[in-house]
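Chain by chain, the residues:
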Amino acid sequence: MIKLSDTTRLLLHCIQLNHTKNTRDEIESLAQKSIDWDAFEEYALWHGIAPLSFIGLRDIQDGQWLPVQLFETLKVEYRKNLIRNTMLFSELENIIGAFGEQQIPIVLLKGAAITKMVYKDIGLRPMSDIDILVKREHIHQSVKAIESCGYRHYDREDLEQLLNTRYHVVYFNPDTNVLLEIHWDITSDHHPSLVRSHISDLIEKWWSRVSNVVTGFDKVFHLHPIDLICLLSIHFFKHRFIKQRACFSSKGAILQLCDILNVICFYQDEISWDELRAESQKMGLYRIVSVSLWVVKVVFSEVIIDRTAFFEKLDIDRCDKEVAVYAVKRICKIKDKHEPVPSEFIRTDKTSSYLNRAAGIANKFFPDPETLSKIMNKPISSNWFYLNYFSRSLFLLKRYGKTFYKRKYLKEEGILKRWINEID
């Protein structure tokens, strides 16, 4: 297990839902220790958990140890989020009404699905947009319904092109600046991390067991608890790799892990690890689900014991545990302290070695004359041509020299990137 600082431990206790007396006592005890309050605030904002941490600190009986400015900052974040989410759910009701008039069934995803149901207080969980799932055959009808609500197409690509290359279309309301993502799938082969199931009828399986018991709206559904956990696990790893960069990012990770843990706690009487393992294996999602849950188990090790026995049988193989350990190490840092390591310096193929990597770097510094001539746009016959090797080397050292000081992260980045790209 990874040793956490008292600052991190305090934050992880503060963001739990339904605090027990033991939790409140632990928060009060930790708050009296040498807490780095600046780091606490930075961590809470970085991971999107400032509103949750505010509620946790608010429950302390005697707040004499809390910096006044910190408490006010967290309170402001909670209030801003409450106002924002109130507006988002008002928009969601309008959207539900428009889809209902067209008799289009929809499934609420991510924040729209769990903020009210699991967190209860809509000010606790930040939401950047609204996500819904529709059947692929209803996408054109869905677009007409959402445009009737004043939404405009956000993507530059044509809808037909998006249907072939993406898994959702984005619309925005110019009056409220609300973004709406209409999904017909959960991800695509074109996503940089390639986190997906290769089961062709996955979405059909999810649709076959949705329920509207929780929503109370006709034609508005929630995913089955197992499918919801699978979705949140995919969502967690999709957002660890930003665009095409090689760097694993921890930004927002704690909030996404909170989502997974809180959904498990919410449904703990209805599902078990054995059921989730069996179903995720059928869907081709077992590895990503098991690693995500292992990360949840390690990060929240101090608070999980009192909340659920779901994790007792959780097991992953040695290779996946190595990936999970690196993920936890990155997440438990206050922020991403290191800029992305240039992808040129990371080999993700299985045959990669430090020798091969060094040879690749040498070739970039000292290419053959023909290649260098093209790069520098200078003829080989020009005077002093070979001085370009010197000037190019200086340029590359200035640009990538700091990578030398990050060399201990190269192995971690390579392992994480290779794993995420090879999940099947």
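Just so we're clear, the structure is a prediction, and the values are computed from it rather than from any experiment.

Novice: Where do I start with the overall build of the protein chain in this structure?
Specialist: Each helix and strand in the protein chain was counted, giving 19 helices and six strands. In the protein chain, which comprises 424 residues, the proportion classed as buried is 52%. Of the roughly 20600 Å² of accessible surface on the protein chain, a fraction of 51% belongs to carbon and sulfur atoms.

Novice: Would you explain the sheet that holds strand β5 (residues 178–183) in this entry?
Specialist: Through backbone hydrogen bonds, the strands of a sheet pair up, either in parallel or in antiparallel fashion. Strand order across the open sheet formed by six strands is β3-β4-β5-β2-β1-β6, with mixed pairing between neighbours. If you trace the sheet from one side to the other, it starts and ends with β3 (152–153) and β6 (220–221), each paired once. Judged from the four bridges that link them, strand β2 (residues 130–133) and β5 form a sheet pairing that is parallel. When the bridges of β5 are listed, I130 appears paired with L180. Set on the sheet, helix α5 (residues 68–101) makes contact with β1 (106–109), β2, β4 (168–173), β5 and β6; between it and β2 the angle comes to about 25 degrees.

Novice: Help me understand the pairing of β2 in this model?
Specialist: Note on strand geometry: in a regular strand, side chains alternate between the two faces of the sheet. Here β2 shows no split at all, with I130 and I132 on one side and D131 and L133 on the other all buried. For β1 and β2, the ladder comprises three bridges, and the chain directions are antiparallel. By the bridge assignment for β2, L109 is matched with D131.

Novice: Could you clarify how one ought to interpret the packing of helix α3 (residues 37–46) against helix α4 (residues 50–58) in this entry?
Specialist: To characterise two packed helices, one gives the angle between the axes of the helices and the distance between these axes. Interhelical geometry of α3 versus α4 gives an angle of 135 degrees and a closest axis separation of 7 Å. Here α4 runs oblique to α3, going by the angle between their axes. Here F40, A44 and L45 of α3 lie close against α4, whose contacting residues are A50, S53 and L57. In terms of residue class, the contact of α3 with α4 is made up of five nonpolar, one polar and no charged.

Novice: Is there a simple way to think about the packing of aromatic side chains in this case?
Specialist: In this description, a pair of aromatic rings is defined by centroid distance and the angle of the planes. The final tally for this structure, using the stated rule, is ten aromatic pairs. Arranged with centres 5.3 Å apart and planes meeting at 50 degrees, the rings of F54 and F71 form a pair that is tilted. Here F71 lies in helix α5 and F54 lies in helix α4, a separation of 17 residues in the sequence. Feature note: the residues W273, Y286, F310 and F311 constitute an aromatic cluster, connected by ring pairs.

Novice: Would you mind showing me how to read the nonpolar core here?
Specialist: Soluble globular proteins tend to pack their nonpolar side chains together in the buried interior. With 128 residues, the main nonpolar core has W206, I254, L293, V295 and F300 as its most contacted residues. Setting aside anything within four residues of it in sequence, one finds V295 in contact with F236, L257, A324, A327, V328 and I331.

Definitions and cut-offs
- Residues numbered from 1 in each chain as written.
- Predicted model: local features only at pLDDT ≥ 70, side-chain atom pairs only at ≥ 80, totals over all residues.
- Heavy atoms only, no water.
- Helix = DSSP H or I, 4+ residues; strand = E, 2+ residues; numbered from the N terminus.
- Buried < 20%, exposed > 50% of the residue type's maximum accessible area, 1.4 Å probe, protein only.
- Areas by Shrake-Rupley, 256 points an atom, 1.4 Å probe, with all protein chains shown as cover.
- Pairing = 2+ DSSP bridges.
- Contact = heavy atoms within 4.5 Å.
- Axes fitted to C-alpha atoms, helices over the stretch in contact; angles between N-to-C directions.
- Parallel < 35°, antiparallel > 145°, perpendicular 65-115°, else oblique.
- Nonpolar A, V, L, I, M, F, W, Y, C, P; charged D, E, K, R; others polar.
- Phe/Tyr/Trp six-rings, centres within 6.5 Å; stacked < 30°, edge-to-face > 60°.
- Core = buried A, V, L, I, M, F, W, Y, C linked by side-chain atoms within 4.5 Å.

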